[in-house]
Amino acid sequence: TLFPYTTLFRSRIHNSVVTTKKRGGIVNFGSTVTITDAKKKKFTWTLVGSHERDIPNGKLSNDSPLASALQGHKAGDKISVRTPKGLQDYTLVSVK
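As the structure is a computational prediction, the values presented were derived from the model and not from experiment. (Residues numbered from 1 in each chain as written. Predicted model: local features only at pLDDT ≥ 70, side-chain atom pairs only at ≥ 80, totals over all residues. Heavy atoms only, no water.)

Draft legend 1. Representation of the sheet that holds strand S2 (residues 42–48) in the model. Taken in spatial order, the five strands line up as S3-S2-S1-S5-S4 in an open sheet, and their pairing is mixed. For this open sheet the edge positions go to strand S3 (59–61) and strand S4 (78–83), each flanked by a neighbour on one side alone. Between one strand axis and the next, the sheet turns by 45 degrees as a mean value, whatever way the strands run. Of the pairings in the sheet, the one linking S2 to S3 comprises three bridges and is parallel in character. By the bridge assignment for S3, Thr-46 is matched with Lys-59. (Pairing = 2+ DSSP bridges. Helix = DSSP H or I, 4+ residues; strand = E, 2+ residues; numbered from the N terminus. Axes fitted to C-alpha atoms, helices over the stretch in contact; angles between N-to-C directions.)

Below is the structure:
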């Protein structure tokens with residue numbers, strides 16, 4: 001039956017919030033960011049809601065430790081994130 005899916009869908013609609021992208025180059029929900037790690041490897045992510053996350057396609061949950069650490073920062077900022085592998089350092093290259 002479709003009942004469990006209907007309930008989930010209604011819940012998401014009921015709890016959804018319309019947002020607008022803020023300008024000014026500050027990371028927030030909906031931003032697309034490019035970062036580099038200590039080895040200069042580049043990563044590009046769009047910060048999305050947890051139910052939209054899709055790591056292989058560059059969509060990072062705004063609830064993740066990395067996204068949380070990026071919030072409020074601007075290009076050029078250094079970010080440190082505690083991960084299972086230890087403290088990881090990143091540089092925020094761009095914010096769109």
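Draft legend 2. Representation of the pattern of salt bridges in the model. Taken as a whole and judged by the stated rule, the model has one salt bridge. Here Asp-77 makes a salt bridge to Lys-74, at a shortest N to O gap of 3.8 Å. Overall, Lys-74 belongs to the partly exposed group, its relative accessible area being 46%. (Salt bridge = Lys/Arg side-chain N within 4 Å of Asp/Glu carboxyl O. Buried < 20%, exposed > 50% of the residue type's maximum accessible area, 1.4 Å probe, protein only.)

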